[in-house]
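For reference, the chains in residue letters:
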Amino acid sequence: MRAATAGEVQTVLGPVAPDLLGLVLPHEHILCDVTPPGIAASAGGQQVEINLENVHEIRYHWVCHYGNHILDDVTVAIEEVARFERAGGGAIVELTICGIKPNPAGLAEISRATGVPIVAGTGYYIEAHAGGFFTGCSVDQLAHKMIDGVKNGLGDSGVRAGIIGEIGVSDPWSSAEQRVMTAAVLAQQETGASINVHPGRQPFSPLEIVRFVRRLGGDPARLVISHLDRTLFDVASVARLLDDGCIAEWDFFGIESAYYPFADIDLPNDGQRLNLIQVLVSQGYGSRILISQDICTKTRLVRWGGHGYAHLIEAVLPMMRRKGFSETEITQITELTPRRLLTLV
Ligand SMILES: [Zn+2]
């Protein structure tokens with residue numbers, strides 16, 4: 001299988017023409033282990049068994065039950081991704097990278113079984129998860145790894161990445177993580193792929209990242225800042241960020257709980273996310289907004305009582321229409337912007 005060239009999208013099964021993608025989920029996990037440090041040990045390595053009596057508790061307090069963050073069953077994943085395909089879904093961007101147990105060969109198997117194009121990421125998650133891999137590495141070593149992931153394949157899987165990220169940034173942004181970001185910019189310049197970033201939770205983190213990338217000569221128009229749902233809460237701060245030229249992503253669609261385990265904030269629900277996005281669209285930012293679900297726990301999958309990968313299609317699109325988003329605006333957000341970002345330049 002050849003590598004994709006400029007003008008093409010690189011999926012786990014090879015190059016695809018951009019206009020074949022359809023509706024894209026630009027930030028998901030299909031096979032991953034995002035277990036927060038310490039949770040496995042406190043559970044004695046025993047994974048929780050999810051049943052009707054505990055599923056609410058696990059969904060609500062989703063970080064403290066060992067096993068909930070482990071998605072490692074390819075058969076289950078095929079069923080879940082097939083639901084997305086049956087609902088009319090196009091493609092999925094899978095951002096499981098070093099530190100959260102990527103399985104590129106598994107993604108290729110899922111894509112083959114479901115017919116859903118999957119674009120895999122390359123790079124390093126936050127140091128708390130991926131530090132063992134990169135803390136001692138130089139910028140050049142890190143950049144080489146990411147470039148190799150796009151050009152030749154991830155590890156020895158032969159499966160190539162089509163995007164860089166989600167690159168992890170903590171609070172405070174560690175010097176090793178800054179080296180990773182510097183390497184990501186070099187990899188972007190070398191491969192023509194976009195960068196997706198998991199920002200720190202402090203409200204200044206997204207802008208700090210965009211300016212950092214800009215100073216290094218990176219292209220902010222091909223830089224996606226994820227997780228705005230838990231980072232910036234008002235139109236003015238998002239507009240200030242977008243005025244610096246990046247792409248803003250709300251990727252917690254489907255999480256309807258105000259409770260957020262990692263910070264003292266109130267998470268918005270789907271309706272509130274859309275209200276904020278709608279104002280930004282009316283101000284002319286419609287071509288720099290992405291929406292996704294960032295599924296990384298069992299309780300968000302249909303198999304364990306969750307909404308699954310089709311939630312955006314089945315619940316969010318109807319809500320967008322009810323709120324008065326035009327079909328043009330919806331197509332821009334769910335098809336055209338992800339297509340633009342996934343097309344290698
Ligand atoms: Zn993610």
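Our subject in this report is the structure included herewith.

Procedures and definitions
Residues numbered from 1 in each chain as written. Predicted model: local features only at pLDDT ≥ 70, side-chain atom pairs only at ≥ 80, totals over all residues. Heavy atoms only, no water. Helix = DSSP H or I, 4+ residues; strand = E, 2+ residues; numbered from the N terminus. Rg over C-alpha atoms; globule rule 2.2 N^0.38 Å. Buried < 20%, exposed > 50% of the residue type's maximum accessible area, 1.4 Å probe, protein only. Phe/Tyr/Trp six-rings, centres within 6.5 Å; stacked < 30°, edge-to-face > 60°. Lys NZ or Arg CZ within 6 Å of the ring centre and 35° of its normal. Contact = heavy atoms within 4.5 Å. Donors = N, O, S within 2.8 Å, 3.2 Å for Na, K, Ca; no water. Tetrahedral: all angles 85-135°; square planar, octahedral: opposite > 155°, others 65-115°. Polar contact = N/O pair within 3.5 Å; in protein donor to acceptor, adjacent residues only side chain to side chain. Lys, Arg positive; Asp, Glu negative; His and termini not counted. Salt bridge = Lys/Arg side-chain N within 4 Å of Asp/Glu carboxyl O. Pairing = 2+ DSSP bridges. Right-handed = clockwise from strand over helix to strand, strands pointing away. Axes fitted to C-alpha atoms, helices over the stretch in contact; angles between N-to-C directions. Parallel < 35°, antiparallel > 145°, perpendicular 65-115°, else oblique. Left-handed = near helix turned anticlockwise from the far one by under 90°. Nonpolar A, V, L, I, M, F, W, Y, C, P; charged D, E, K, R; others polar.

Time to look at the overall build of the chain. Of regular secondary structure, the chain possesses twelve helices and twelve strands. For the chain, the C-alpha radius of gyration of 18 Å lies close to 20 Å, the compact-globule estimate for 345 residues. Taken along the three principal axes of its C-alpha coordinates, the chain extends 50 × 50 × 40 Å. Counting every position in the chain, which comprises 345 residues, the buried fraction comes to 59%.

Here we take up the packing of aromatic side chains. Evaluation of the coordinates by the stated rule reveals seven aromatic pairs. Considering the side-chain rings of Tyr260 and Phe262, the 5.7 Å spacing of their centres and the 70° angle between planes classify their relative orientation as edge-to-face. By the ring-pair criterion, three or more aromatic residues cluster together here, those being Trp62, Phe252, Tyr260 and Phe262. Positioned above the aromatic ring of Trp304, the side-chain terminus of Lys298 is 5.7 Å from the ring centre. Against the face of Trp304 rests Arg303, its NZ or CZ located 5.9 Å from the ring centre.

By the burial criterion, the buried members of helix α5 (residues 127-134) are His129, Ala130, Gly131 and Phe134. Where α5 is buried, its residues meet α6 (139-151) and α7 (175-191).

Every protein donor of the zinc ion is listed here as His27 (NE2), His29 (NE2), Glu166 (OE) and Asp294 (OD), and their distances to the metal cover 2.0 to 2.4 Å. Here the zinc ion is ringed by four donor atoms whose angles at the metal span 83 to 171°, and the overall shape comes out irregular. Within one chain, the residues serving as donors to the zinc ion are arranged as H-x1-H-x136-E-x127-D. Taken as a pair, Glu166 in strand β8 (residues 163-168) and Asp294 in the loop between β12 (289-291) and α11 (311-322) lie far apart in primary sequence, 128 residues in all. According to the relative accessible area criterion, Glu166 is buried, its value standing at 2%.

With that settled, consider the side chain of His65. Tracing the backbone shows His65 in the loop between α2 (55-60) and β5 (70-71). Accessibility expressed as a relative area gives 18% for His65, which makes it buried. There is a polar contact of 3.0 Å between the side chain of His65 and the side chain of Glu57. Once residues within four sequence positions are removed from consideration, His65 is found in contact with Ile39, Val48, Glu57 and Ile58.

Among the structural elements, Arg230 can be located in the loop between β10 (223-225) and α9 (235-242). Summary of buried charges: Arg230 has no salt-bridge partner, and the nearest side chain of opposite charge, Asp171, is 6.3 Å away. Arg230 has contacts with His198, Pro199, Gly200, Arg201, Phe252, Tyr260, Ile265 and Leu267, leaving out every residue within four places of it along the chain.

Judged by which residues are buried, strand β9 (residues 195-198) turns out to be covered on both faces: Ile195 and Val197 on one side and Asn196 and His198 on the other are all buried. Where β8 lies against β9, three bridges are found, and the strand directions are parallel. If you follow Gly168 over to β9, its bridge partner there is His198. The parallel pair β8 and β9, bridged by α7, forms a crossover whose chirality is right-handed. Pairing geometry for β9 and β10, over three bridges, is parallel. Directly across from Asn196, in β10, lies its bridge partner Val224. Remark: the β9/helix α8 (residues 205-215)/β10 crossover connection has right-handed handedness.

The next subject is the packing of α6 against α7. It is at 8 Å that the axes of α6 and α7 come closest, and there the two elements cross at 40°. Between α6 and α7, the angle falls in the class oblique. The crossing of α6 and α7 is right-handed. Contacts between α6 and α7 involve Val139, Asp140, Leu142, Ala143, Met146, Ile147, Val150 and Lys151 on the former and, on the latter, Arg179, Val180, Thr182, Ala183, Ala184, Leu186, Ala187, Glu190 and Thr191.

Two numbers describe how helix α10 (residues 270-285) lies on α11: the axes approach to 10 Å, and their chain directions differ by 55°. As far as their axial angle goes, α11 and α10 are oblique. For α10 against α11, the interelement crossing comes out right-handed. When α10 is examined against α11, the residues Asp270, Gly271 and Leu274 are found in contact with a partner set consisting of His311, Val316, Met319 and Met320. For the contact of α10 with α11, a count of residues per class yields four nonpolar, two polar and one charged.

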